[in-house]
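Reading the structure
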Amino acid sequence: MSQKVVKTCFEFQFDSMIMAIIPEQYGSKLYSRVLKTDGEVLIPYSPLEVIKKSCHLYASSFEGRKEGTKELIGVTHKPPIVIDPIQSIYFFPTASPKQRHCMWISHSHVLAYNNAGSLNTEVIFTNKMRLQVPMSCGSFDKQMLRTALLKTKIDPRFIQVERNRQILYQRFEQGLEAMERRSHYDVSLDEPFGRSYWSSNRLNK
């Protein structure tokens with residue numbers, strides 16, 4: 001039986017098509033299998049690193065998002081995280097984020113879920129894909145409710161502030177890029193100019 005080929009991706013953009021981030025051992029390192037509505041990719045970062053870098057890409061930080069969750073709904077243990085309220089990208093962890101087996105699930109892409117044993121939950125995503133999650137159905141239901149509550153607390157005024165902040169951040173990034181283009185560098189034709197935030201040399205370590 002042929003195995004499904006999963007592309008290893010070194011330059012990756014976090015977007016609203018992502019359904020789940022699953023830890024996967026790759027040699028001695030922990031990678032992330034990212035499930036999307038149109039496929040999946042393997043990322044050379046742990047799930048927590050993917051979430052942290054994604055918060056940064058949307059002009060915030062993981063610690064800042066956690067603090068926001070605490071202030072809005074009072075949750076500090078396994079807190080749901082808003083990556084981007086404008087696109088309604090909300091994720092919640094299945095365990096403590098520091099645990100190697102922790103998955104991150106997109107609230108918006110969960111179509112249904114049901115009990116798959118005392119410590120497992122079967123999740124059905126919006127594209128009808130099924131995933132076994134190693135947590136009880138009751139715990140999964142609590143995480144869904146917490147994330148839904150977080151969504152209700154982030155009102156349109158907050159979203160407008162967030163949109164303005166991201167616009168300013170993007171303009172700042174563009175300004176830096178323009179300054180760099182005016183500088184003189186020795187650039188190899190074999191290496192593309194400007195590496196993505198997601199580029200990594202970790203495989204060579």
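One can find the structure itself at the top, above this paragraph.
Presented here is a report on the structure given in the accompanying data block. Every chain begins its residue count from 1, and numbering advances along the sequence as written. Two thresholds apply to this predicted model, a pLDDT of at least 70 for residue-level local features and 80 or more for giving and counting side-chain atom pairs, whereas whole-chain, interface and lining totals are computed over all residues. Values shown for side chains rest on all heavy atoms present in the structure; no hydrogens or waters enter the calculation.

With respect to the pairing of strand 9 (residues 121-125)
On a regular strand, one side chain projects to one face of the sheet and the next to the other, so that they alternate. How we decide: To sort residues, take the accessible area from a 1.4 Å probe on protein chains only and compare it with the maximum for the residue type: under 20% means buried, over 50% means exposed, and anything in between is partly exposed. A run of H or I in DSSP counts as a helix once it spans at least four residues, and a run of E counts as a strand once it spans at least two, with each numbered from the N terminus. We call two strands paired when DSSP finds no fewer than two bridges between them.
For strand 9, the tally of buried residues reaches five of five residues, placing the bulk of the element in the interior. Of the two faces of strand 9, the one carrying Thr-121, Val-123 and Phe-125 and the one carrying Glu-122 and Ile-124 are both buried. Pairing geometry for strand 8 (residues 110-115) and strand 9, over five bridges, is antiparallel. For Tyr-113, the partnering residue across the bridge sits in strand 9 and is Val-123. When strand 9 meets strand 10 (residues 130-133), the two strands line up antiparallel, connected through four bridges.

Regarding the pairing of strand 5 (residues 81-84)
Here strand 5 runs beside strand 6 (residues 89-93); their pairing, made up of three bridges, is antiparallel. In the sheet register, Asp-84 faces strand 6, and the bridge partner there is Ile-89. Linkage of strand 5 to strand 6, two consecutive antiparallel strands, is achieved through a turn of four residues, within which Ser-88 is found at a positive phi near 60 degrees.

So, the pattern of salt bridges
As a reminder, the rule being used: Within this document, salt bridges are pairs made up of a side-chain nitrogen of Lys or Arg and a carboxyl oxygen of Asp or Glu, the two lying within 4 Å of each other.
Taken as a whole and judged by the stated rule, the model has five salt bridges. Here Arg-33 and Glu-40 are joined by a salt bridge, their closest N and O atoms 2.6 Å apart. When sorted by exposure, Arg-33 lands in the same class as Glu-40, which is buried.

Looking at the packing of aromatic side chains
For any pair of aromatic rings, the description rests on two quantities: the centre-to-centre distance and the angle between the ring planes. Heads up, the condition is: Between rings of Phe, Tyr and Trp, where Trp is taken as its six-membered ring, a pair exists when centres lie within 6.5 Å; planes separated by under 30 degrees are stacked, by over 60 edge-to-face, and by other angles tilted.
Within the structure shown, the criterion is met by five aromatic pairs. The interplanar angle of 65 degrees and the centroid separation of 5.4 Å between the aromatic rings of Phe-14 and Phe-91 together place this pair among those described as edge-to-face. Pair noted here: Phe-14 is in the loop between strand 1 (7-8) and strand 2 (18-26) and Phe-91 is in strand 6, with a separation of 77 residues, a long-range link. Since its relative accessible area comes to 1%, Phe-91 is described here as buried.

Some points on helix 2 (residues 62-73)
Condition: For a helix, the expected span equals 1.5 Å multiplied by the residue count minus one. Of all possible arcs, the one meant is that of the directions from the helix axis to the C-beta atoms.
For helix 2, built from 12 residues, the straight-helix expectation of 16 Å at 1.5 Å per residue is met to within 8% by its first-to-last C-alpha distance of 16 Å. Taken together, the buried positions of helix 2 are Phe-62, Arg-65, Thr-69 and Ile-73. Within helix 2, the buried residues cover an arc of 65 degrees as seen down the axis, which keeps them to one side. The positive-phi residue at the C-terminal boundary of helix 2 is Gly-74, with phi of around 70 degrees.

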